[in-house]
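# Working through the structure, step by step
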Amino acid sequence: MNEPIKKIAVLTSGGDAPGMNAAIRAVVRACTYYRVDCVGVYRGYQGLIEGDFETLSARHVSNIINKGGTILKSARSEEFKTVEGRAKAYENLKKAGIGALVIIGGDGTFTGGLKFIEEFNFPVVGIPGTIDNDIYGTDNTIGYDTALNTVVEVIDKIRDTASSHNRLFFIEVMGRDAGFIALNSGIGAGAEEILIPEKNLGLDRLVESLDKSREKGKTSSIVVVSEGDKIGKNVFELADYIKEKYPFYDIRVSVLGHMQRGGSPSCYDRVLASRLGVAAVEAILDRTSGVMVGVTNNEVTSVGFNKAIKMNHDINEELLKVAEITSV
Ligand code: F6P
């Protein structure tokens with residue numbers, strides 16, 4: 001266990017996020033800087049099971065800091081959820097002489113990492129990469145800032161057509177279980193109402209808010225709905241309900257979908273990813289395992305996988321108030 005670590009593997013897993021490439025680049029270059037070998041694992045945990053590895057030098061990661069997606073590709077591996085799958089992954093790591101693993105992803109990725117450490121006592125450090133921002137122990141996850149900017153840009157465009165036709169738009173944004181994208185993009189794009197899973201406002205409250213908007217002379221409205229919101233079964237049902245109640249509304253629905261996951265990362269995400277890539281390699285060389293590195297109050301921090309997965313990254317109440325006040 002205490003032999004020096006000479007080779008580190010890195011993988012991306014779960015939903016891809018803009019900035020993952022910048023994180024891979026930082027991990028590879030930190031390995032070069034600290035004179036350890038670096039191996040890229042393709043397709044996340046699935047590639048670990050299949051031994052889909054490639055040695056990466058500093059030059060392999062040239063010209064990727066500005067690219068969306070992940071050069072290592074990503075997957076949600078069902079096989080890694082089995083003991084047999086994880087045992088194959090461990091054997092492949094040992095065979096390749098790899099002494100530690102950096103995993104870039106979200107809660108599913110860290111849950112897999114935790115299991116792997118418990119079973120094989122193999123050193124693993126995590127980097128938070130998901131557009132959802134639903135991880136405890138970091139102010140922002142890699143990809144979240146870029147996704148917000150993408151969403152705001154699109155809502156601005158929808159607003160042009162919404163106001164030209166006096167329409168009510170329901171816009172669904174990503175965030176499987178979390179409303180961070182909806183709340184922040186909603187404020188940034190000036191939405192009239194924002195629906196998020198953390199605060200179930202209920203249909204009555206939505207209807208009341210639309211009534212108020214009309215009374216105040218608003219001729220078009222934007223309602224941002226997080227995909228995880230449970231008011232309606234989905235955004236289309238929600239729109240149907242309002243249409244039935246208020247037939248005079250000219251309603252349209254826009255589901256932004258996977259466009260939110262693509263595109264060149266923002267400068268914020270590139271810097272965050274670079275800091276966390278370096279921090280992850282340094283944590284491994286300091287013989288740390290089972291933690292996720294993050295940035296909190298502009299300081300690099302680390303938190304156990306257990307906490308990162310299980311604790312809630314709270315919605316900021318002040319933002320909810322700002323959303324309410326600025327939509328009067
Ligand atoms: O977790 C990131 C995320 O983009 C969620 O916001 C979304 O619900 C999910 O992934 C979609 O996953 P998939 O690409 O597998 O459809």
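The model shown is predicted, which means the values in this text are computed figures rather than measured ones.

As a further point, take the overall build of the protein chain. Counting secondary structure elements, the protein chain contains 11 helices and 11 strands. For the protein chain, the C-alpha radius of gyration of 22 Å lies close to 20 Å, the compact-globule estimate for 328 residues. If you line up the protein chain on its principal axes, its C-alpha atoms span 70 × 35 × 30 Å. Within the span of the protein chain, comprising 328 residues, buried residues form 52% of the whole. Considering only contacts in the protein chain between residues 6 or more positions apart, those separated by 24 or more positions represent 76%. Total accessible area on the protein chain stands at roughly 14,800 Å², and carbon and sulfur atoms take up 49% of it.

On to the domain arrangement of the protein chain, then. With domains assigned, the protein chain is organised as domain 1 (7–143 + 265–310) and domain 2 (145–261). Between domain 1 and domain 2, the C-alpha centre-to-centre distance is 34 Å. Across the domain 1/domain 2 interface, buried area totals approximately 1,100 Å², and carbon plus sulfur atoms make up 47% of it. Three residues, Asp-16, Ile-131 and Asp-132, lead the burial of domain 1 against domain 2; their summed loss comes to 43% of the area buried on that side. At the boundary of domain 1 and domain 2, one finds 1 salt bridge. One salt bridge connects Arg-261 with Asp-16, and the closest N-O pair in it is separated by 2.8 Å. Viewed at the interface, domain 2 and domain 1 are joined by 6 residue pairs in polar contact (both at pLDDT 80 or more).

Our next topic: the packing of aromatic side chains. Each aromatic ring pair is described using two quantities: the centre-to-centre distance and the angle formed by the ring planes. Applying the stated criterion to the full structure yields 12 aromatic pairs. Considering the side-chain rings of Phe-116 and Phe-120, the 5.2 Å spacing of their centres and the 55 degrees angle between planes classify their relative orientation as tilted. Of this pair, Phe-116 and Phe-120 both sit in helix α4 (residues 107–120), 4 residues apart, which is roughly one turn of that helix. With 5.2 Å between their ring centres and 40 degrees between their planes, Phe-248 and Tyr-249 make a pair best called tilted. Aromatic ring contacts, followed pair by pair, group Tyr-45, Phe-80, Tyr-90, Phe-116, Phe-120 and Phe-122 into a single cluster. The lysine or arginine in question, Arg-214, covers the ring of Tyr-246, its NZ or CZ lying 5.2 Å from the ring centre.

Our next topic: the pattern of salt bridges. Tallied over the full model, the rule gives 14 salt bridges. Here Arg-43 and Asp-52 are joined by a salt bridge, their closest N and O atoms 2.9 Å apart. Note on Asp-52: relative accessible area 28%, which makes it partly exposed. One salt bridge in this structure joins Lys-218 and Glu-192, with 3.3 Å as the shortest N-O distance. Within this pair, whereas Lys-218 is found in the loop between α7 (202–215) and β8 (221–226), its partner Glu-192 is found in the loop between α6 (180–188) and β7 (193–195), the two being separated by 26 residues in sequence. Assessed through its relative accessible area of 22%, Lys-218 is described here as partly exposed. Under the relative-accessibility criterion, Glu-192 is labelled buried at 10%. Via salt bridges that share partners, Arg-43, Glu-50 and Asp-52 belong to a single interconnected network.

This part takes up the sheet that holds strand β9 (residues 251–255). Read across the sheet, 4 strands follow the order β7-β8-β6-β9 without closing on themselves; strand pairing throughout is parallel. Each edge of the sheet is formed by a strand with only one pairing partner; in this case those strands are β7 and β9. Neighbour-to-neighbour, the strand axes of the sheet open up by a mean angle of 15 degrees, direction not taken into account. Bridge analysis of strand β6 (residues 168–173) against β9 gives 5 bridges, and the strand direction is parallel. In the strand pairing of β9, Glu-172 is matched with Val-255. Across the face of the sheet, α7 comes into contact with β6, β7 and β8 while running at roughly 165 degrees to β7.

It is worth spelling out the pairing of strand β10 (residues 291–296) at this point. Taking burial as the measure, the 6 residues of β10 include 5 buried ones, the bulk of the element. The pairing of strand β5 (residues 124–128) with β10 spans 2 bridges and is parallel. Its bridge partner lying in β10, Val-125 is registered against Val-291. By the bridge criterion, 6 bridges tie β10 to strand β11 (residues 299–304) in an arrangement that is antiparallel.

The next point concerns the sheet that holds strand β4 (residues 100–105). Working definition: the strands of a sheet are paired by backbone hydrogen bonds and lie parallel or antiparallel to each other. Taken in spatial order, the 7 strands of this open sheet run β3-β2-β1-β4-β5-β10-β11, and their pairing is mixed. The sheet is open, and its two borders are formed by β3 (53–55) and β11, each paired with just one other strand. Between one strand and the next, the sheet's axes are offset by a mean angle of 30 degrees, whatever the strand orientation. Note that strand β1 (residues 7–12) and β4 share 5 bridges and pair parallel. Note that in β4 the partner of Ile-8 across the bridge is Ala-100.

Thresholds applied
Residues numbered from 1 in each chain as written. Predicted model: local features only at pLDDT ≥ 70, side-chain atom pairs only at ≥ 80, totals over all residues. Heavy atoms only, no water. Helix = DSSP H or I, 4+ residues; strand = E, 2+ residues; numbered from the N terminus. Rg over C-alpha atoms; globule rule 2.2 N^0.38 Å. Buried < 20%, exposed > 50% of the residue type's maximum accessible area, 1.4 Å probe, protein only. Contact = heavy atoms within 4.5 Å. Areas by Shrake-Rupley, 256 points an atom, 1.4 Å probe, with all protein chains shown as cover. Domains from an automatic or database assignment. Buried area = accessible area lost by both parts, 1.4 Å probe. Salt bridge = Lys/Arg side-chain N within 4 Å of Asp/Glu carboxyl O. Polar contact = N/O pair within 3.5 Å; in protein donor to acceptor, adjacent residues only side chain to side chain. Phe/Tyr/Trp six-rings, centres within 6.5 Å; stacked < 30°, edge-to-face > 60°. Lys NZ or Arg CZ within 6 Å of the ring centre and 35° of its normal. Pairing = 2+ DSSP bridges. Axes fitted to C-alpha atoms, helices over the stretch in contact; angles between N-to-C directions.

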